[in-house]
Amino acid sequence: MATHLSAADTRPRHKRVLPGLSLSLGTSLLFISLILLLPMSGLVMQSVDMGWDRYWQVISDERVVASYKVTLWAALIASVFNGFFGLLLAWVLVRYDFPGRRILDALVDLPFALPTAVAGITLATLYAQNGWYGEILESLGIKIAYTPWGIVLAMAFTSIPFVVRTVQPVLEDLSPEEEEAGMTLGASDWSVFRRVIFPALWPALMTGIALSFTRSLGEFGAVIFIAGNMPYVSEITSLMIFVSLQEFDFPAASAIASVVLMASLILLFAINIWQARYLRRLHGRS
């Protein structure tokens, strides 16, 4: 006797191997609420209590606006720098086997393990006029420490792991068959990279750059020791928050911090939406 299966019967069923969705979901939401949402809510509520006029006065102060500009362009330059060299470093770690590769791979995570204040002091010592690198650069007429370029250097140092660790798994998962097919058809190395490899890396690379940028927006410890902290020249937004805290003006500090928070959240949401649409369009073509 013939049996007829409906479309619902032929649809693949996804079964949970292990139970415990309610417990794991509840624990995750509790963790997110206590660690993320509660502090963010307190920050927003403290800013709301100021009133709109006072809030706008704080965030639009001339000195604070100047810190926004310094932070934004420094974070942008550092992120572009990390995008190029982070991709290059991830490529070397994945595609080549050489003595010391594991050590280099471990060193990529050093900015995560190193306290940012220690990183700032180290960078300031190395790039000062009498430092190992600073003395050489000084002879060439280049000054890094206690200038806005010191901010870029500190931001790049603390955020480059985001690019490397985001791109590296994608590179490792790329299948070599498509590259070999391109080579067999006579395509050059650059053509294979541009048409085969880079489109697959592009979403991960943009995500890494965005994470590097948002990380740089809130950087403090590594920057203040090498920036010089000159008003309207090398003051970052995090320093303005710290100054408000030192003056016990907690609402003003919360107001300035809320601007950084909103900028970071908007950027992260935008890059996630773009990445999802890009991957959907890429899969649709294939």
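**Student:** It is not clear to me how the overall build of the protein chain should be interpreted in this structure. Could you clarify?
**Tutor:** A count of helical and extended segments in the protein chain gives 14 helices and zero strands. N-terminal to C-terminal, the α/β element order of the protein chain is α-α-α-α-α-α-α-α-α-α-α-α-α-α. A burial count over the protein chain gives 34% of its 286 residues as buried. Accessible area for the protein chain stands at about 17,900 Å²; split by element, carbon and sulfur atoms hold 67% of it.

**Student:** Mind showing me how you'd approach empty space enclosed by the protein here?
**Tutor:** Where empty space is left in the structure can be found by rolling a water-sized probe over the atoms. For the structure on display, the rule yields one cavity of 30 Å³ or more. One number sums up the size of the largest cavity: a volume of about 50 Å³. Lining the largest cavity, in full, are Tyr 127, Ala 128, Gln 129, Gly 134, Leu 137, Glu 138, Ile 142, Lys 143, Ile 144, Ala 145 and Tyr 146. Considering each element in turn, the lining of the largest cavity owes the most residues, three residues, to helix 8 (residues 132–139).

**Student:** Before we go on, may I ask you to explain the pattern of salt bridges in this structure?
**Tutor:** Opposite charge on two side chains permits them to pair, given that their charged atoms come into close proximity. If you walk through the whole model with that rule in mind, you get six salt bridges. Its salt-bridge partner being Arg 63, residue Glu 235 comes within 2.4 Å of it at the nearest N-O pair. Taken together, the residues Glu 235 in the loop between helix 12 (221–227) and helix 13 (237–246) and Arg 63 in helix 4 (residues 62–95) connect sequence positions 172 residues apart. In this structure, Arg 101 and Asp 97 form a salt bridge, with 3.6 Å as the shortest nitrogen-oxygen distance. For Arg 101, a relative accessible area of 25% gives the class partly exposed.

**Student:** So what exactly am I meant to see when it comes to the layout of surface pockets here?
**Tutor:** Looking at the largest pocket, its volume works out to about 520 Å³. Considering the residues around the largest pocket, the lining is formed by 18 residues, among which Phe 81, Tyr 127, Leu 153, Ala 156 and Phe 157 are closest to the centre. Listed by contribution, the elements that provide at least two residues to the lining of the largest pocket are helix 4, helix 5 (101–107), helix 7 (116–127) and helix 9 (148–173). At six residues, helix 9 tops the list of elements feeding residues into the lining of the largest pocket. Its residues assigned to classes, the lining of the largest pocket shows 18 nonpolar, no polar and no charged.

Definitions and cut-offs
Residues numbered from 1 in each chain as written. Predicted model: local features only at pLDDT ≥ 70, side-chain atom pairs only at ≥ 80, totals over all residues. Heavy atoms only, no water. Helix = DSSP H or I, 4+ residues; strand = E, 2+ residues; numbered from the N terminus. Buried < 20%, exposed > 50% of the residue type's maximum accessible area, 1.4 Å probe, protein only. Areas by Shrake-Rupley, 256 points an atom, 1.4 Å probe, with all protein chains shown as cover. 1 Å grid on protein atoms, 1.4 Å probe; cavity = no way out; pocket = protein on both sides within 12 Å on 5 of 7 lines; lining within 4 Å. Points joined across faces, edges and corners; volume = space filled by probe spheres on them. Salt bridge = Lys/Arg side-chain N within 4 Å of Asp/Glu carboxyl O. Nonpolar A, V, L, I, M, F, W, Y, C, P; charged D, E, K, R; others polar.

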